[in-house]
Every structure is written in structure tokens, then in C-alpha cells.
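What follows is each chain in one-letter form.
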Amino acid sequence: MNDGARMNGDPVATDGDKPVVLSLRGITKRFPRVIANRDIDLDVHAGDIHVLLGENGAGKSTLIAILSGVYQPDAGSIAVAGREVRIQAPRDALALGIGTVYQHLALVPTLTVIENLMLGAPWYRLPDVTGTGTRLAELAGLLGIEVDGDAPVGGLSLGQQQQIEIIKALWHGERILILDEPTSMLTPQGVRELGKMIRRLRDAGVAVILITHKLGEACEFGERISVLKLGRLVGEIGPAELAAMSREEATRRIVHLMFGARDDAPRAAAIVADAAPGAPVLEVEGIAAAGAAGEPALADITFALRPGEVFGIAGVDGNGQKRLAEAIAGQRPIDAGDIRLDGRSIAALSIAKRQAMGLRYVTDDRLGEGTVAELSIAVNLLLKRIGEPPYWRRGIAHAATIERDAAEKVAAFDVRAPGIHTRVGTLSGGNVQKALLARELSQEPRVVIYNKPTHGLDLANATALHERIREQAEAGVAAIVISNELDELLGLCGRIGVMYRGRLRGIVENGAWAEARVGALMIGVAA
Amino acid sequence: MGALLTDAFVSSLIAGMIAAGTPLLLAGLGEQISEKAGVLNIGIEGMMLVGAYVGFVAAYYAGSVWLGLIAGGLAGAALSLIMIVLCVRLGLNQIVIGIAMTLGVEGMTAMAHHVQFSRSYPRLPAVEVWALPGLADIPVIGPALFARHPMVYLAFLLVAFMAWLYRRTHVGLNLQAAGDRPAALDVAGVGVVATRSWAVLSTGFLAGLGGAYMCVVVAGLFVPFMTGGAGFIGIVLAMLSRGKPYWVLIGAMLFGISLSMTTAIQVAGIQLPTEIVQMLPFVMVIVVLVAFARHSYLPAALGRPYVRGER
Amino acid sequence: MSVETAGGAPAAAAPASRLGGLARQTALALLPLALALAAAGLILLLFGRDPLTFYANVLKRGLFSWAGLQETLIRMAPLLLLAASLIVAFRAGIWNLGIDGQFLLAAVMVAAAGPRLVTIMPIGLALAILLVLGGLVGAAWSLIPALLRAYYGVNEIITTLMMTFIGTSLGAVLVKTVFNDPSTTVPQTQVLPMIDRLPRLFGTRIHAGLIIGLVAIVLVHLVMTRTAFGLKAQIIGFNPRAARHAGLDVPRLTVAVFAFSAGLAGLAGATEILGVFGVVQNEWNPAYGMLVIPLVFVVRFHGIASIGIVAFFAMLSIGGESASRKANLPNYFLLVVVALLLIFMALTEYLSARRRQRLETWGEG
């Protein structure tokens, strides 16, 4: 799949052949306490696949929001096809032929595909169903896919919904298509299909701007790569240069741009050595749990963890991973099977009891479910132990004990805040994550379940977290890491289990062919 | 039982059903528009009451029923501006503002009525009916159903109009999007706040119209707090009707029948405390909610103000 | 549904904000009150009445006359209990709008059982049992909305309102039929003799219900701010998903909060009967509940603070009756003040939240 040659496979045109279709000069955008975009100059060419690469917090989302009319820049100018323009609302962006497909799909699930595509027409006109149908067929043909216009959007898969979003983005004019982190919800197969569609668009002369934080993706798809770092454009690699480099060279060059003098690629650390032999610390045996809206039920899940082992769970979002984590942690009841910690069955125990026994769960949804934003750090640090002694005695809170405990944890995990009584909602994302870790990782954890732990973190914090997981593993703490980023799992875990449609499709030993095998399992191919 | 179902009883029952059910129908259709767009309009009771009072005053001084009805509708719409500015535009808590509006209107209309009319207690003359030729001659049910004030016929036609509006126009699509996924509507270039504002304004107008009908056409006089929960019944109708206007019609008529039982039973000569019969519609609501608890349909973004860029 | 949407942020006062913030919070609470009274004064002008005379009469009767002051304190009793009831519910994000129904039915049951109970047991025991009965009736009347919300997610605003309508009608029916005292011409329950009612305090006309009210509100404040139960209720109110993540049994807690809240409302009804009226007459329905809602919002569900605003409101209520009579206005003025209070409170809350948002987030880790 990956070798030294360029991946796009066709001859590269020189810069001179492709006209500049979008031009940014000096774009600056400020928010309270942070400058999201700093003096950005960018040229986008027609018929180009232009990748905007940068880690979380580099300013990519803000730039996209400016191009699509959600935000207005504080300084700088935008020119489309040579003419200077002001994009003050999403409507203006669409009129200029700039279409954006966001990570979070904006389709109305209770309307059909055609109805969704008709949204936005003047309210006094009768809906033009035929006209819409024609245009839909036209664009579907351009992308090389089949679409049923009368299907309710809520029933489509995420990949199909993304296709509708792309069609929507191209509706008013196929000049510029912006894709914001499009592959996070897709299987490897889905990613390949997306790639095919993007190349068809490029051949038709559309300028495709691809936003990503994944290096591999950037090299795979991109013909031109612009690197963003802390709000600035720090470098660009044009098509000619990219064609001349091998994959490794391109990677190194990009890493250099992104991280300055440091030479370590993000994937440098060694995989955790195989865990100590002996009795398993966690056994999950044949568990089944009910499904919910849109998610399949869990069935027949069996695996075991040894002390100090880091076990990965891969899979496309929505195949039951989160449900599995919740079931093991005690947030969801199981309908069948058993869960044993150190040999003792815990299937009937409450979350508080499981916490006390050393089973912890770090959720991906930090502010939505992991913490209560309106309450203090001190209370949040004890969220799963409310009412338990010694913090509560006979139902009444013992403030001194609670505060002492909170102060210790805050210090140990370096949570930056004015005090332990600060409301969690005012903390930065990184500090909320630290608070979550402080809660789950203190007081002798035995098994920690992590759900997308580095999601939304900048590289410094993400690396620190990976380090912590490794350190704990060496100290004998087992970990289950659920992630949809294969790179992360391959860099951390000794074994990777793959969830597909609510079942554990197979367990892959990390090694030479792991990526391919995991990818196959993710789309349902038998192990 | 046979003695119960006399012509007089049935005729009185159906007449009462229309009289009581039409305001509920208007309130329910109105609330349905708001809820579809994602706004839980608790102030609808206040909008009905202000429509009743203003409608009464207008009909009294202008001597015209239609003017009274229209004035009532406009009053309801005017009151709804408060909800539009405070809740839809500023994002204040819809429930708190709704309760405030209802209490405020109750107090103001009661005081205003006292100040203006407590000595005279005027009544409005009986309204003219519009008998539909042929249909009004059907024995027993004919006059009750087909010899009514034209507002009734308009209300029924409105049901069909709303059904068409929701499924076959851009207005309907916009409302649905505003309630289910406002971000999609915004991205499509349609203002979510504007859409919801128009929805609430329409609700206010229809609610005011319903209140005015209750007062000017049915009762003929204004009594403080006379809407007596009709607005809340409208909310229930909207919630249970799963976004479909025909269900609002059915529900409104069912409520109308149970409300009209009071007088009909008296006509039939049965001795029963009026309160038991008055309880019936609300008991029915509870029963329906218990029976169909899983099926009440509410748009996903109901009650949550929309902020662009917030995901 | 959480009360913590842009309009009414509940009191999650952390000590860090308590120090300088106390003055600010008091000002924030008093500002809407002042604005509401001013706006209500304008409305009086609209009706051709002099607001200054009106408010002067309010104070004359409600505060500065001994008889009126006693009435004010007597009026505080049910209001305090209702405030306690709402604080319990709103802190958990539960809209218990059924308090008027819970209040009334409890009052009817207590009025019916009272005269009989006092003849068969010592007064002290009878009163205690009757108070408990009031609480139980109130709690029972919340069961259906509680279960519907806890297990089916049915919006409790509508169900509790329905139960109020049903409860009011049911109460009236019971008074007219089963509990009717045949010896009177007007439908009413049998009167509970004065000597069998709640004891008076220090030779005044104020009955022990005031003590019950004060104890209840302090107790509720302590329970909601210092116990595990109160914290769990708050978490459900702020973030139901986090509540599940924390392992809280949300349905059971919902029913428990409902029962607690409704029980207090029922207790309010019981104290009104046992302390003041001794009887329920046909169509009696003071409907205090709705009026108390904005009061607890203004003090951000802080129990101790609500005592102050309830006292002020009781004075406004008693004084307002007299002032309205003198101004030849029906006694609906209070409704208008309450409505204005809610609106101004929501507005000041919004403006203050907008200012708070400009404070930056803390620390880049």
C-alpha cells in the first residue's frame, strides 16, 4: 500500500497550468486569549487537491469557518477567481461556489435526501422536485456514486451521508470543495472510496481543500500540502516538490515544518513489551447488551487482559465500542455473560464499587458526560463516589476530606486552575482531560478503559498521555484503549481487538501485517 | 342508556363539541407550528387569553364579530413578540418566560376587565351562523355541525392547509429543519432565528384567534381566566399529534366532546357534579400519555436556543 | 429538562465566588425586584391609579400595622414550604408545576380527616399525623408524573399541570360530596374547632406553621447543599448524562425528588388548614404555587436567601389586598408583579451571564 512512490499515480501538471481560484492574503482572526489565525497567505489552484495539515489547535477549523462564512476575519482579504470578495454568511460562500463538508454532518435526519438538498430555496417558491432530482443525478454521476433521492437521511450510513454532504457542497457551483477531517468516521475501504471521488472531482477541475491532522492521509491524498502551526502558515510543499520526494522524505519534511527542530516522528516510541504472564486481571466472557438508537447490540464478546497489558480496541465509530466500555465500567447493564476482575465477578456491582476495586473508565465525552461543568473540580473528582465514605459520612459531606483529596489529585496531575473550587466548565480542554485522569488514575487503578483519550488534544498532551499509559503498564496497570486512529493503537498496544456490528470480530497481534488485518476486520471480513 | 341518547342530547353534545373544540383546534395547530420549529411555547395560554379579551373589547366597541376575531389574533401575535425577542432571539429560558407571560396576561386582563366593565358586565349579541345548504338540513347533527359561524369552517380548512404546508412547501421544510437540526438550516443559508420567529408569531395569531372565538362567538362575554387551561391542552395536542395536523383535529374534537359533556348531561337531566365532567379531558390526557408514553413526538432541538457556530 | 438554560442558572455557589460575589449576587437578586415594582407602578398609572399611594398602602398594612404584620407572617408559612418544595425540584432540573394541585388535595384530605381524628386521640398526636398525611397525599399526587418522566422521559411540565387541573376538580368534588358537612348550606368540610388547630406562638395569632416553614426551608437548604442526595439531585439537573456516567440511578432519584418536593407542597396545604382555615370551602384555591416560582428563581434556589424574598412577598401579598381594595382594583395585582419579576430576572440573568462569558478560560495546560 505505501511505498516510496507518489500515490496519485498520474502525471503532475506544473503550477503554471492551474489557475488560482482562491487567494487569501493576511487573514487574521482573534478570539479571547488566543489568535486562531495569524496573517495567513494561501493560494488554492483549480483542479488541485490541496491539503491543509496541522495538529489540533493549529487554526484549521477557524480558517475553514472564515471561508464558509461562519466567522469574519479581523484582517486580511479573500479573492475568488481574481475578484476580492466578502463572505459574511454561509449564503455568500455558497454563492461563490465554495462548499464545505464539516466533520459533524448537518443533514436533517427526518427529511429525505431530496428534501435536504432543497433546503435553502426561497420560501415562497414551490419546491422544485424535478429540478433537484436532475441536479442530484448530475452530481452523483460526477462523483461516480448512486443515490436514492427519496430515502430518509436518518436511515443512511455515515459514509452515504457524507456523500450527500459533498453533493450539497457542490450544488451551487463546483468551484471549491472543502472537506474538514473527512476520514474520521470511515473504514479504510471508505477512505479509499472517498479518495476515488476526490480524484474524479479534481479531474473535473474542482479545487479540493482537505483538512486533516493525519500525516499519512496528507501524503496519500495531497498534491499540495500547506502546514499550519499555532495559527500561522509555516510552510508549503508544492506538487512538483512532492512528486520529487519519496514518502519518507515528505514525512520528514512535514514533521520538520510542524515541530521545528525536533526530529522525532509522532510514532517513535516502542510498543509496550508483552505483559507479565500469569492470571488475567480482567476477564470478559460472552457478554451481551442491548443496543440503542442506531447502534447495534453487543453480542458474545470475550477477551482477557493480563496485568500491565495495553489492549487496543479498533473499529469505525458506532460499532459498539463505547457501549462495550460502558458495559465493563458498569454504566450499562449486561444481558448475558460475566465480567471478572481478579477472578471476582463484578457484573452485578455498581460503578462506585468497581471504581473502588480499581476498574476505571475515562470517557471521550469530557464535558458532555465525564464532568459536570457547573460544579467544582473537587466535586467532579469524586463524581463516581458520591455518598461513599470517607468523603460522605451517613450521607453528609465531609468538606475537609473532600478538599484534601482534591488538592492532592490536582497537584499530582498538574491540573492548572485557580483553585479546587473552580467550576470545571471554565477549564481548558487539556486541563479537563487532566482532571478526568486525576479522577480515574489515582488511588491504585488496576484496569483503566480509555475511550478516544487523545481526541482533541494537541500533540504535547497526547504524547504525554501515551507516556503515562506506558508507565502505568510497566507498573502493572492494564489498559484498554479504544480509538479510531490506527496509528495510535499500533504505537501503543500489544494486541488489538476489532469491533464490528457489536461483535469482537477478531484480535490481532501487533506486528508486521497488523494494519492490514485490522483494516480487514473493521469492514467485517473474517479474521 | 337509550333515554340518554335523545336527539336533544346528541345535538347538544355535537354543538358543544364544535364550540369547545374549535379554540382547542386553533391552539393546537398554532402550538404545533412552534414545536415543529423547536420552540416550546408555554405562553400560549396567555396568548389565548389576551386574544379573548382584546377580541371582546374590539367586538364590543366596533359591533363586529369578525373585527373582534381579527383583533384577538393580532393581540395574540403582539404578545408573542415578547417570546420572540426574549426566547428566540436572546435565548432566555422558554419555560420561565412562558409562565411569566401567562401569569401577566391573567392579571392584566382581569384588572382591565374590572376597570372597564365591572359595572356594566356587557354581553355581546349572538353571532350569525352560516348554514351550509343541504348539509345543515340533516336531522339531529345537521344544524350542530353545519350551521355554525364561518370561523369554524375556516379552522377545519386550516387543518388541510397546514398538512399541505408541512409536506409540500419550503416553509414546511424550513420549520422541520429548524426543529430537528437547526445547523443544517443555517448552513443552507436560511436564518434559524427568523424561521422560529415567524413560527412563534403564527402561533400567537392562531392562539389569539382561538381565544377570541371562545369569547366572542361562544360565550358572548369575558370572564377573567376564561380560557381555563385551553392553551395547555393545545400544547398536549401538539405533543401527541406527532407533527400531523389531522391528529390535532381528532384530539381537539375528542376534548371538545368531553368538555361539552357537562352541558349535554344537564340537558339529559342527569345529576353529576360539574367538576367530574370538567376533570375528564385532563384525565384523558394522562391516560393517553400513559398509554402512548413512548410515542410522543418532539423535535430534537425543542427548547434549545440556536447559536451559530456552536456544535 | 434542565433549568440551567440561558435564563435561570441555579445556585452552584463555590466558596471562591462567595466572598466578593455575595454583594454582587444580592444586587443581582434585588435589581429585578426593583425593576418589577417600578414597571408595576407604571401599569398602575396606566389604570389611572397613583402608584405611590398604592405602595404606601401596601407598606402600611403589610408591615407597619400589627394586625397586618401578623397576617404577613402567617402568610409566610405556606409560601416557605412551597418555596422549599420548588427548590428541591428545580435544583434537580424537575419542573414540578403541580404544587397547586398537591397543595389543594392535601388540604382537602386534612380538612376532612381532621375533625374526626381530634376526637379519638390527643391533639398533639392528631396534628402530627395530619401533617404527615398532608405530605403523603402531596407525594402520592406526584407519582404519575414522576413515573412518566423517570421511566418514559415524558415531559413533566404538561403532566404536572394536568394533575393540578385534575386535583383541583377532584378536591372540589370531594368537598361537595363525600366530605361535605351536611349541617351547612354552603358546601364545605366540617370545621376544625379553633382549639384543635396548630398552637399559636407567644400569644399572637401566628401559628406554629411558620416554625414548620422556617425549619423546612433551612432543612431543605442543608440537604440540597451538604448531602449526597442533594448533590445527586443537582447533578441530574445540570447534566443527566453525567449522572448516568457517575452511576446514579436516575429514575429512582427522579421519583424520590418528586416525592420530596410534592410532599412539601402537601405539607404546605396541611399547615394552611391546620393553622389558619380549619376548613375547605367550596371552590377554595389560593393558588400560591405559581406565585412562588419566580421567587425561588430570583434567589437562584438558595434556601436561606429565599426566606427574605418570601417575607417581602408575603408583605406585598397582604398589603396588596388592602391597597387594591382602597384603589378599587381587583386583587390580581400580584400576578402582574410576579410576571414582571420573572421577565426582569431572566433579563438580568442574561446580561450578567454575557458579562461573565467575557472572562477568559483558565490555564493552557
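Structure: above.
Our subject in this report is the structure included herewith. (Residues numbered from 1 in each chain as written. Chains lettered and ligands numbered in written order. Predicted model: local features only at pLDDT ≥ 70, side-chain atom pairs only at ≥ 80, totals over all residues. Heavy atoms only, no water.)

Considerations on the sheet that holds strand β19 (residues 447–451) of chain A
Backbone hydrogen bonds are what pair the strands of a sheet, in a parallel or an antiparallel way. Residue and element names in this part refer to chain A. The condition is simple: When DSSP finds at least two bridges between two strands, those strands are taken to pair. Labels follow the DSSP assignment, with helices taken as runs of H or I lasting at least four residues and strands as runs of E lasting at least two, numbered in each case from the N terminus. As a rule, the C-alpha atoms of each element are fitted with a line to give its axis, helices using only the stretch in contact, and angles between N-to-C directions run from 0 to 180 degrees. We call two residues in contact whenever any of their non-hydrogen atoms come within 4.5 Å of each other.
An order of β16-β19-β20-β13-β21-β22 is seen for the six strands of this open sheet, with the pairing classed as mixed. In this open sheet, the two edge strands, each paired with only one partner strand, are β16 (359–362) and β22 (503–509). Taking each pair of neighbouring strands and ignoring which way they run, the sheet shows an average axis angle of 20°. As paired elements, β19 and strand β20 (residues 478–482) share five bridges and run parallel to each other. The residue of β20 that forms the bridge with V447 is A478. Docked against the sheet, helix α15 (residues 429–441) engages β16 and β19, running at close to 170° with respect to β16.

Focus: a positive patch on the surface
The criterion, for reference: Like-charged residues within 9 Å of one another, or nonpolar side chains (Val, Leu, Ile, Met, Phe, Trp, Tyr) within 5 Å, are grouped into patches, provided each residue has over 30% relative accessible area and no salt bridge. Surface accessibility follows the Shrake-Rupley procedure with a 1.4 Å probe radius. Residue values consider only the protein chains on display as shielding. A side-chain nitrogen of Lys or Arg and a carboxyl oxygen of Asp or Glu constitute a salt bridge if their distance falls within 4 Å. Only four residue types enter the charge count, namely Lys and Arg as positive and Asp and Glu as negative; His and the chain termini do not. Here the site of a charge means NZ on Lys, CZ on Arg, CG on Asp, or CD on Glu.
A contiguous patch of positive charge on the surface is contributed by R423(A), R24(C), R355(C) and R356(C). Mapped onto the elements, R355(C) comes out in helix α15 (residues 333–357).

Thoughts on the interface of chain B and chain C
Applied cut-off: A 1.4 Å probe defines the accessible area here, and the buried area is the portion of it lost by two parts on being joined, summed over both. N or O atoms closer than or at 3.5 Å make up a polar contact, with two conditions inside protein: a donor-capable atom paired with an acceptor-capable one, and, for residues adjacent in sequence, both atoms drawn from side chains.
With 42 residues of chain B at the interface, the matching set in chain C holds 50 residues. Summing the contributions of chain B and of chain C, the shared interface buries around 4100 Å²; its carbon and sulfur component is 86%. Per-residue buried area on chain B facing chain C is highest for L103(B), M111(B) and E275(B); these three make up 15% of the total on that side. Scanning the region where chain B abuts chain C turns up zero salt bridges. Here chain B and chain C share zero residue pairs in polar contact (both at pLDDT 80 or more) between them. Every element with two or more residues in the side of chain B that touches chain C is listed here: α4 (94–117), α10 (230–240) and α12 (274–291) of chain B.

Thoughts on α15(C)
Condition: By definition here, a helix of n residues has an expected span of 1.5 Å times n minus one. The buried label goes to any residue with under 20% of its type's maximum accessible area, the exposed label to any with over 50%, and the partly exposed label to all in between, with areas taken from a 1.4 Å probe on protein chains only.
In this model, α15(C) (25 residues) spans 36 Å end to end at C-alpha, consistent with the 36 Å of a helix rising 1.5 Å per residue. Taking burial as the measure, the 25 residues of α15(C) include 18 buried ones, the bulk of the element.

Side note on the interface of chain B and chain A
Using the following cut-off: When residue character is reported, Ala, Val, Leu, Ile, Met, Phe, Trp, Tyr, Cys and Pro are called nonpolar, Asp, Glu, Lys and Arg charged, and the others, Gly included, polar.
Taken residue by residue, the interface counts 23 residues in chain B and 23 residues in chain A. The interface formed by chain B and chain A includes one salt bridge. Here R167(B) ties to E115(A) by a salt bridge, and the two come within 2.9 Å at their closest N and O atoms. The interface formed by chain B and chain A includes four residue pairs in polar contact (both at pLDDT 80 or more). Elements with a minimum of two residues in the side of chain B that touches chain A: α6 (150–168), α7 (170–180) and α8 (182–187) of chain B. For the side of chain B that touches chain A, the element with the highest residue contribution is α7(B), accounting for seven residues. Within the side of chain B that touches chain A, the residues separate by chemical class into 10 nonpolar, six polar and seven charged.

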